[in-house]
Amino acid sequence: MTDLNQVLWESLDPKTFEDMVAVLISHLNPASQRLDGSGGDGGRDIQVTTDEGLVMYQLKSFSGRMHPSRRKQVEASLKRASQHEPTEWLLVVPIDHTPAELEWFDQLAEEYGFECRWLGKTWLDGEMARRPEIARYYVHGQRYELSELFDLLRGINAEPPPVESGIVPAATERAQRMVAEVNEHDPHYMICLELPPEGNPSVTVLAKYPGAERDRSWFTARLAFSDTEEGERALQSLQDSIEFGTRCVVPSEFITEAFVDIPAGLGTRLDGYELEMASAATISELPGGGKMALVAADQHGVPVARLPLEATDLKSGTRGGIITLSDKSGAVTAEAKFDALDMVFELACIYTQPGSFSPLDLLPALKFAAALEGGALVSVDINGETLGPTDPGTFQTQSSGEVAGYARLVEHLVIAQTKTGVFFDVDSQLTVEEELDIVMAGRLLNGETVAAKWEQMELRIIPEGRQTVENALGDPSSTNNIQSIAEESIELQGIVIPLGQVARNVESARVLSWTEAEEGSPPGTTILTLVPNHSDTMTLRLVADK
């Protein structure tokens, strides 16, 4: 009796070995990428991009011993791989090395500045034993027919008999058991079955690892699109899905024949179903983990804004891909469409004012949006490589000038928070008074002298200083320049931001009243109330930085 968990490595042809071990490594590391060796694999059949660098796998189906001709092949593969500057190179071969073979391999590895490892038969047997479905599929040819499952799904909700008959529950349990068996034995895909109380059953097919669809296609269909507006729209949607990975749904009326191959080569024809397609790409496939930047430049190519972004979604197809990006604040979203065939890309950006925001996070988005409002061209920076510039064709935002003005307001708010150390998120619904306070605080903390209008000022005068103040106010030759210094702060949405000591200078003033200070003040203290005389101009400046 054949042990379905055992692999006779010496009996495998090189393609079966490579296909099977590639699937194994994809299960071990979902971020792995299998390379097409038809043009030369560069010393690696599989590679994984990690935070530390590039990890490469070289698969060799050798069995028996590592004799000289095989050693030369390994040496050549390692030399080619070194040109890619990996951090680790792994030889996967169903041979457990002898001491002499290990000595040869170690001496070979010493010639390179990265780690080299030999993963042999014991390692392969152990990993395959933990995933017996891989060998069952590639080596032992086990097949699981699904036509009965789909027949069950068609019948469950067609004419449901009374519940007490037990027919529907029994069929439901049977379908669920079949799905569980498929998921246990298929190395590439898993099925999610939904059986709602009302409506039709649905089946969703999910890849068990990125790239499963390249290792085995699971669906074939014949389609016929009518020469109508709906048919043309469905055809275009399907073409976009194939070429760029966008989601599409083909109505059943355009499907003349469909066949499912899940798992392992056998399946069933489907009638009366619609076809839904979407990309299985993942962010991990992007260089740098999906961290990019948009750079806005003026008509002379001078950069005027740079906005770091992270990819939130990736779609890829036969012709190119579409990356959806967002900045840290979530205010700017961008969709970059790359067409590898025509070597062009299109960019669409949208700015949406968030309800509440961190000023430090929102300011870069506002600066970038303001630059686009001004007609800037945009490039995409991916790990130091630049694509573009291009016109962000469908850029959308608020009315012209509003973003730039709001950017200046938020810039003052950033200064106020960073200079004082008082950080908090802000509700975007600011009053006019709050906006004026923000601008004043930002300018003062930035070292500027701020001019303002004033209507009334109260000064607390100690007894020793009253006569001096009265003389200054009553001297006709005096310009009546008066300065007061006091601790100042602003309050923004319930949060107090201390500014420090602010000097206020007024050009001309007259006395409105002298009143006794409130109880608890030093004896003899009075309150001097001033109003503008010949001028209502006042200047403010920060005396000492916080």
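Residues numbered from 1 in each chain as written. Predicted model: local features only at pLDDT ≥ 70, side-chain atom pairs only at ≥ 80, totals over all residues. Heavy atoms only, no water.

Relative to the helices and strands, Phe 254 resides in the loop between β9 (248-250) and β10 (255-260). Taking the relative accessible area as the measure of exposure, Phe 254 reaches 2% and is therefore buried. A sequence separation of 28 residues divides Phe 254 from Ser 226, and the C-alpha atoms of the two residues are 7.4 Å apart. (Helix = DSSP H or I, 4+ residues; strand = E, 2+ residues; numbered from the N terminus. Buried < 20%, exposed > 50% of the residue type's maximum accessible area, 1.4 Å probe, protein only.)

Turning our eyes to something else, we now look at the sheet that holds strand β27 (residues 526-532). Strand order across the open sheet formed by 3 strands is β23-β27-β26, with antiparallel pairing between neighbours. The sheet terminates laterally at β23 (457-461) and β26 (509-516), the two strands that pair on one side only. Each adjacent strand pair in this sheet contributes to an overall mean axis angle of 25°, direction not counted. Bridge count between β23 and β27: 5 bridges; the pairing is antiparallel. Considered in β27, the bridge of Arg 460 is made with Ile 527. (Pairing = 2+ DSSP bridges. Axes fitted to C-alpha atoms, helices over the stretch in contact; angles between N-to-C directions.)

Close reading of the predicted structure is inappropriate where its pLDDT is low. Per-residue confidence for the chain gives a mean pLDDT of 80, with 79% of residues at or over 70. Across residues 143-147, where pLDDT falls below 50, the model places 20 contacts with residues more than four positions away in sequence or in other chains. Segment residues 262-269: pLDDT under 50, and 41 contacts once partners within four positions in sequence are set aside and those in other chains are kept. (pLDDT = per-residue confidence, 0-100. Contact = heavy atoms within 4.5 Å.)

Time to look at the pairing of strand β14 (residues 303-316). Summarising the sheet, strand β13 (residues 291-297) and β14 pair through 7 bridges and their orientation is antiparallel. When the sheet's bridge partners are listed, Ala 296 is paired in β14 with Ala 305. From the end of β13 to the start of β14, which pair antiparallel, there are 5 residues, and Gly 301 there has a positive phi angle of about 85°. Bridge count between β14 and strand β15 (residues 320-326): 6 bridges; the pairing is antiparallel. In the strand pairing of β15, Lys 315 is matched with Ile 322. With antiparallel pairing between neighbouring strands as the criterion, β14 and β15 make up a hairpin whose turn holds 3 residues.

Ranked by internal contacts, the top residues of the largest apolar core, which has 66 residues, are Leu 294, Leu 362 and Phe 368. When sequence neighbours within four positions are dropped, the list of residues in contact with Phe 368 reads Leu 294, Val 295, Ala 296, Ala 305, Leu 307, Val 332, Cys 349 and Val 378. Formed by 27 residues, the second largest nonpolar core is a distinct cluster that contains Leu 12, Met 128, Tyr 137 and Tyr 209. (Core = buried A, V, L, I, M, F, W, Y, C linked by side-chain atoms within 4.5 Å.)

By volume, the second largest pocket amounts to about 580 Å³. Around the second largest pocket sit 25 residues that line it, and Met 440, Trp 454, Arg 504, Met 538 and Leu 540 are the ones nearest its centre. No other element matches helix α12 (residues 432-445), which puts 6 residues into the lining of the second largest pocket. For the lining of the second largest pocket, a count of residues per class yields 14 nonpolar, 2 polar and 9 charged. (1 Å grid on protein atoms, 1.4 Å probe; cavity = no way out; pocket = protein on both sides within 12 Å on 5 of 7 lines; lining within 4 Å. Points joined across faces, edges and corners; volume = space filled by probe spheres on them. Nonpolar A, V, L, I, M, F, W, Y, C, P; charged D, E, K, R; others polar.)

Sheet architecture is open: 4 strands sit in the order β22-β28-β25-β24, paired in antiparallel fashion. Both edges of this open sheet fall to β22 (450-453) and β24 (482-492), since each of them pairs with a single strand only. Averaged over all adjacent pairs, the angle separating strand axes in this sheet is 35°, with direction ignored. Where α12 meets the sheet, it contacts β22, β24, β25 (495-506) and β28 (537-542), and its direction lies at approximately 125° from that of β24.

Before going further, it helps to spend a moment on the packing of aromatic side chains. Under the counting rule described, the total for this entry stands at 7 aromatic pairs. Taking the centre distance of 5.6 Å and the plane angle of 75° together, the rings of Phe 105 and Trp 118 count as edge-to-face. Of the two residues, Phe 105 sits in helix α3 (residues 99-109) while Trp 118 sits in strand β5 (residues 115-119), which places them 13 residues apart along the sequence. In this pair, the class of Phe 105 matches that of Trp 118, namely buried. Both rings, one in Tyr 137 and one in Tyr 138, keep their centres 4.8 Å apart while their planes meet at 75°; by these two values the pair is edge-to-face. For the pair shown, Tyr 137 and Tyr 138 are each scored as buried. (Phe/Tyr/Trp six-rings, centres within 6.5 Å; stacked < 30°, edge-to-face > 60°.)

The next point concerns helix α4 (residues 121-130). Buried within α4 we find Leu 124, Glu 127 and Met 128. Projected down its long axis, α4 carries its buried residues within an arc of 100°, all on one side. In α4, the exposed positions that point more than 90 degrees away from the buried face belong to Thr 122 and Arg 130. Against the buried residues of α4 lie α1 (14-28), β4 (88-92) and α5 (132-138). (Arc of directions from axis to C-beta.)

What follows concerns the side chain of His 412. Inspection of the secondary structure assignment puts His 412 in helix α11 (residues 402-420). Once you skip the residues sitting within four places of it in the chain, His 412 turns out to touch Ile 438, Val 439, Gly 442 and Arg 443.

Considering all chains together, one arrives at 18 salt bridges under this definition. As a salt-bridge pair, Arg 131 and Glu 127 come within 2.8 Å of each other at their nearest N and O atoms. The exposure class assigned to Glu 127 is buried, which follows from its relative accessible area of 13%. Each of Lys 15, Asp 19 and Arg 34 takes part in salt bridges that share partners, so that together they form one network. (Salt bridge = Lys/Arg side-chain N within 4 Å of Asp/Glu carboxyl O.)

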